[in-house]
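Here's the letter readout for the chains.
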Amino acid sequence: MNKKRLIRTFSIIFIGLIIGGLGTYFQIKSESSGRVATIKSAPVVASDFGGEFTLTNHLGETVTDKDFKDKYRLIYFGFTYCPAICPTELQKITMALKDLDAEIADQITPIFVTIDPERDTVEAMKSYVGLFHERLIGLRGTAQQTKQIADAYKIYYARVKDDTMQDYTMDHSSFIYFMGPNDTLYRIFKVDDKADVIAAFITEHFAK
Ligand code: NI
């Protein structure tokens, strides 16, 4: 398990280096051309990211990747029992959408995918997503569907339990993905990235 986490951690660092490198490249390129250019954010180079899935939304309807493929999305994976990180990150999405110009915010679908489907029933998801945003879509699947989408989005998750716990908790990756049409991944926001960073990046992305 530790080895797996290490590999994932290094993969994320590697992706980060690629993003950083691309940013520098575009900056240098625009400076050398002698003009100030607004460059539409380059997609994150990540092969094998996203793809097909079938899940159930917080209204109990079956949804697939095709329902979201052409939309801009802010996606977060977590679980409703999470005491701190998940609510903070979802709140961040709420604030970022509030920070954005309404016409941009309206184009973005916020999505919360649970990695704890055993406790996160449709009912639990419905009451939970309502706490954050009226358009937040909660998605859950069977254990197998959950594993499939988590793998596709490079999300690590594991059940954690020790003798002092009455119940289990979940250990999981915490990223907010900004994606666009054709499943293009534009940015991976980390816990350190505040709502204003997310809003600023998206605003710049839409500035043409
Ligand atoms: Ni969490």
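A brief look at the structure comes next. (Residues numbered from 1 in each chain as written. Predicted model: local features only at pLDDT ≥ 70, side-chain atom pairs only at ≥ 80, totals over all residues. Heavy atoms only, no water.)

**Re unusual backbone geometry**
Working step 1: Phi at Asn182 takes a positive value of approximately 60 degrees, unusual for a residue other than glycine.
Working step 2: Structurally, Asn182 can be placed in the loop between β8 (176-180) and β9 (184-189).
Working step 3: What makes Asn182 exposed here is its relative accessible area of 61%. (Helix = DSSP H or I, 4+ residues; strand = E, 2+ residues; numbered from the N terminus. Buried < 20%, exposed > 50% of the residue type's maximum accessible area, 1.4 Å probe, protein only.)

**A closer look at the pattern of salt bridges**
Working step 1: The final tally for this structure, using the stated rule, is nine salt bridges.
Working step 2: Put simply, Arg73 and Asp183 hold a salt bridge, and the shortest N to O gap is 2.9 Å. Of this pair, Arg73 sits in strand β3 (residues 72-78) while Asp183 is found in the loop between β8 and β9, placing the two residues 110 residues apart along the sequence. Accessibility classification places Arg73 together with Asp183 in one group, the buried group.
Working step 3: Within this structure, Asp65, Lys69, Arg73 and Asp183 form a network of salt bridges that share partners. (Salt bridge = Lys/Arg side-chain N within 4 Å of Asp/Glu carboxyl O.)

**Examining the side chain of Thr109**
Working step 1: Here Thr109 lies in strand β4 (residues 108-114).
Working step 2: In this view, Thr109 contacts Phe68, Lys71, Tyr72, Arg73, Leu74, Arg135 and Ile137; residues no more than four positions away in its chain are not counted. (Contact = heavy atoms within 4.5 Å.)

**Brief notes about the sheet that holds strand β1 (residues 54-57)**
Working step 1: Within the open sheet, the seven strands sit side by side as β2-β1-β5-β4-β3-β8-β9. Their pairing is mixed. Unpaired on one side and paired on the other, β2 (62-64) and β9 mark the two borders of the sheet. Taken pair by pair, the neighbouring strands of this sheet meet at an average axis angle of 35 degrees, ignoring direction.
Working step 2: One ladder, built from three bridges, connects β4 with strand β5 (residues 137-140); its direction is parallel. Bridge pairing in β5 places Ile111 opposite Ile137.
Working step 3: Set on the sheet, helix α5 (residues 143-152) makes contact with β1, β3 and β4; between it and β1 the angle comes to about 110 degrees. (Pairing = 2+ DSSP bridges. Axes fitted to C-alpha atoms, helices over the stretch in contact; angles between N-to-C directions.)

**Some points on helix α4 (residues 122-129)**
Working step 1: Taken together, the buried positions of α4 are Met125, Tyr128 and Val129. When α4 is viewed along its axis, its buried side chains cluster within an angular range of 85 degrees and face the same direction. When the buried face of α4 is taken as reference, the exposed residues oriented beyond 90 degrees from it are Glu123 and Ser127.
Working step 2: Buried residues in α4 make contact with α2 (85-99), β4 and β5. (Arc of directions from axis to C-beta.)

**With respect to the packing of aromatic side chains**
Working step 1: Under the counting rule described, the total for this entry stands at 13 aromatic pairs.
Working step 2: Members of the aromatic cluster, connected to one another through ring pairs, are Tyr72, Phe178, Tyr186, Phe189, Phe201 and Phe206.
Working step 3: Above the ring of Tyr168, the side-chain terminus of Arg119 is found at 3.7 Å from the ring centroid. (Phe/Tyr/Trp six-rings, centres within 6.5 Å; stacked < 30°, edge-to-face > 60°. Lys NZ or Arg CZ within 6 Å of the ring centre and 35° of its normal.)

**Structural notes on the environment of Thr203**
Working step 1: By secondary structure assignment, the location of Thr203 is in helix α6 (residues 195-206).
Working step 2: For Thr203, a relative accessible area of 36% puts it in the partly exposed group.
Working step 3: With 104 residues separating them along the chain, Thr203 and Asp99 place their C-alpha atoms 9.6 Å apart.
Working step 4: With sequence-adjacent residues up to four places away left out, Thr203 is seen in contact with Leu100 and Ile104.

**So, the side chain of His58**
Working step 1: With respect to the helices, strands and loops of the structure, His58 is situated in the loop between β1 and β2.
Working step 2: For His58, a relative accessible area of 14% gives the class buried.
Working step 3: Sequence-distant contacts of His58, that is, excluding residues within four places in its chain, are made with Val122, Met125, Lys126, Val129, Leu136, Ile137 and Gly138.

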